[in-house]
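# Structure at a glance
Here's the letter readout for the chains.
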Amino acid sequence: MAITEQVPKGNTFQFGSSNTPLYPVEINGFDQDGFPFAQTLVFNTSSVYADESGVTFGSWGNNEITFTATPDRNFSVFLSTTYATGTIEINTESSARTGCGGTGLSDSPFFNDLVSDGRELTAAEVILYRKTGWRITIPGGPSTVDVVLGGKAVRFGGAGYKDSNWGPNAMNDFIKSWYVLIAQVGPWSFVTFSGSPTNGTNSINSGHLSYKGEFLTSQCNIIGERSTDISVIVPSGQVVDSNVIAPTTFDVTFILSDGKKVSFQASNIAANPTVSVYHRWTAKYAGGVVGGQQYDSYGITEWMNPGNLSQWIDIE
């Protein structure tokens with residue numbers, strides 16, 4: 001189950017000329033019977049504030065959806081709408097990170113250090129590296145869902161994840177293609193992405209891999225500029241879905257600073273949402289240390305296609 005909250009206004013993808021200030025909350029996933037659910041709730045108001053103790057509160061509409069985030073980064077969502085009621089709890093097992101591995105609140109959430117050498121950037125690359133922020137507030141941890149959606153109860157426990165990302169532009173203004181993999185597989189937990197700007201040669205990768213809650217790598221890089229302390233995402237396979245050719249499998253290999261490799265394969269099962277510009281799959285994961293013990297689990301894969309490409313591409 002995934003909840004995407006946007007605050008203040010705006011959309012991840014914006015095609016057309018509308019600048020209507022929207023405060024949407026999207027609820028997507030599959031229930032315990034395997035049936036998909038999807039609902040976009042749009043509100044006229046939204047707010048976020050923190051009290052003196054460091055607890056952060058957020059609300060949409062007339063407190064129809066609220067959240068609290070504690071300083072120790074436990075996160076709770078409370079739903080009280082005509083479509084959705086109940087609670088979602090996400091607890092952390094490891095430290096927060098920026099996209100480039102920073103651990104402090106004063107560490108930059110942007111990727112500008114990767115292009116601080118004075119290299120020439122396209123307009124799309126300027127937005128990507130200098131103006132797009134990302135913080136992983138909960139890299140992974142035990143979570144519970146206890147909600148009623150459209151009259152049907154959905155209750156389960158599992159591994160949770162939470163991040164925040166923001167920027168001045170919708171993704172289709174500066175991103176061509178973007179892959180994200182998130183999973184907890186045995187003692188391993190990770191999130192990684194690779195993205196390609198609409199024009200320019202500086203594609204980005206970020207990878208964060210922990211073992212039993214301790215990070216072994218937490219980094220960002222420009223693809224092709226180094227050979228260790230990276231993660232390599234390789235999509236493969238073909239299936240026509242929502243009028244585009246989407247991948248059926250993702251392989252990711254984390255190459256640690258000492259050259260050790262930890263690799264996982266994700267086989268896509270079912271997508272929700274499934275539209276031409278965005279697929280999010282439930283996926284079966286398998287992997288571990290190359291040549292070592294292997295584990296199986298389930299997680300998420302994503303293909304963001306803001307460039308509205310007709311089929312997936314290699315990001316390199």
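What comes next is a walk through the structure. (Residues numbered from 1 in each chain as written. Predicted model: local features only at pLDDT ≥ 70, side-chain atom pairs only at ≥ 80, totals over all residues. Heavy atoms only, no water.)

Here we take up the overall build of the protein. Each helix and strand counted, the protein has one helix and 22 strands in total. In terms of C-alpha radius of gyration, the protein reaches 19 Å, essentially the compact-globule figure of 20 Å for 316 residues. In the protein, which comprises 316 residues, the proportion classed as buried is 47%. Sequence separation of 24 or more characterises 51% of the internal contacts of the protein that already satisfy a separation of 6 or more. For the protein, the computed accessible surface area is about 14600 Å², with 49% contributed by carbon and sulfur atoms. Once the 17 positive and 28 negative side-chain charges of the protein are each reduced to a mean point, those two points are 2 Å apart. (Helix = DSSP H or I, 4+ residues; strand = E, 2+ residues; numbered from the N terminus. Rg over C-alpha atoms; globule rule 2.2 N^0.38 Å. Buried < 20%, exposed > 50% of the residue type's maximum accessible area, 1.4 Å probe, protein only. Contact = heavy atoms within 4.5 Å. Areas by Shrake-Rupley, 256 points an atom, 1.4 Å probe, with all protein chains shown as cover. Lys, Arg positive; Asp, Glu negative; His and termini not counted. Charge placed at Lys NZ, Arg CZ, Asp CG, Glu CD.)

Take Glu125: it is sitting in helix 1 (residues 123-131). For Glu125, a relative accessible area of 2% gives the class buried. For the pair Glu125 and Ile175, spaced 50 residues apart in the sequence, the C-alpha separation amounts to 8.7 Å. With sequence-adjacent residues up to four places away left out, Glu125 is seen in contact with Glu120, Arg130, Pro197, Asn199, Gly200, Thr201 and Asn202.

What follows deals with helix 1. When we look at burial in helix 1, the residues that qualify are Ala124, Glu125, Ile127, Leu128 and Tyr129. Where the residues of helix 1 are buried, they touch strand 12 (175-185), strand 13 (188-197), strand 14 (204-211) and strand 15 (214-222).

One open sheet accounts for nine strands, arranged 15-14-13-12-22-21-20-19-16; its pairing is antiparallel. Looking at the sheet topology across the chains shown, the edges are occupied by strand 15 and strand 16 (230-236). Direction aside, neighbouring strands of the sheet carry axes that sit 15° apart on average. As judged from the eleven bridges shared by strand 21 (residues 278-289) and strand 22 (residues 294-304), these two strands associate in the antiparallel manner. Bridging from a neighbouring strand, Gly288 pairs with Gln294 of strand 22. (Pairing = 2+ DSSP bridges. Axes fitted to C-alpha atoms, helices over the stretch in contact; angles between N-to-C directions.)

Here we take up the side chain of Arg135. Looking at where Arg135 falls in the secondary structure, it is placed in strand 10 (residues 133-149). For the buried Arg135, no salt bridge is present, and the opposite-charge side chain at shortest range is Asp107, 6.3 Å distant. From its side chain, Arg135 meets the backbone oxygen of Asp107 in a polar contact 2.8 Å long. (Salt bridge = Lys/Arg side-chain N within 4 Å of Asp/Glu carboxyl O. Polar contact = N/O pair within 3.5 Å; in protein donor to acceptor, adjacent residues only side chain to side chain.)

A separate point is the pairing of strand 14. Taken across its eight residues, strand 14 has seven buried, putting it largely inside the fold. Across eight bridges, strand 13 lies against strand 14 in antiparallel orientation. Opposite Ser189, over in strand 14, you have Ser210 as the bridge partner. Connecting strand 13 to the next strand, strand 14, in antiparallel fashion are six residues, including Gly200 with a positive phi near 115°. The turn linking strand 14 back onto strand 15 is made up of two residues, and Lys212 within it adopts a positive phi angle of 55°.

Within the structure shown, the criterion is met by 13 aromatic pairs. Ring plane angle 55° and centroid distance 4.8 Å describe the contact between Trp188 and Tyr211, whose orientation is recorded as tilted. Residue Trp188 is found in strand 13, and its partner Tyr211 is found in strand 14; the two are separated by 23 residues along the sequence. Overall, Trp188 belongs to the buried group, its relative accessible area being 5%. Here Tyr211 falls in the partly exposed class, since its relative accessible area comes to 32%. The rings of Phe111, Trp134, Trp178 and Phe193 are connected pair by pair, giving a single aromatic cluster. Over the face of the ring belonging to Phe75 we find Lys162, whose NZ or CZ atom lies 4.7 Å from the ring centre. (Phe/Tyr/Trp six-rings, centres within 6.5 Å; stacked < 30°, edge-to-face > 60°. Lys NZ or Arg CZ within 6 Å of the ring centre and 35° of its normal.)

Overall, the coordinates contain one disulfide when judged by the stated rule. Note that Cys100 is cross-linked by a disulfide to Cys220, the S-S spacing being 1.9 Å. The disulfide joining Cys100 to Cys220 has a torsion of about 95° about its S-S bond and is therefore right-handed. With Cys100 in the loop between strand 9 (97-98) and helix 1 and Cys220 in strand 15, this pair connects stretches of sequence that are 120 residues apart. With a relative accessible area of 28%, Cys100 lands in the partly exposed category. (Disulfide = S-S within 2.5 Å.)

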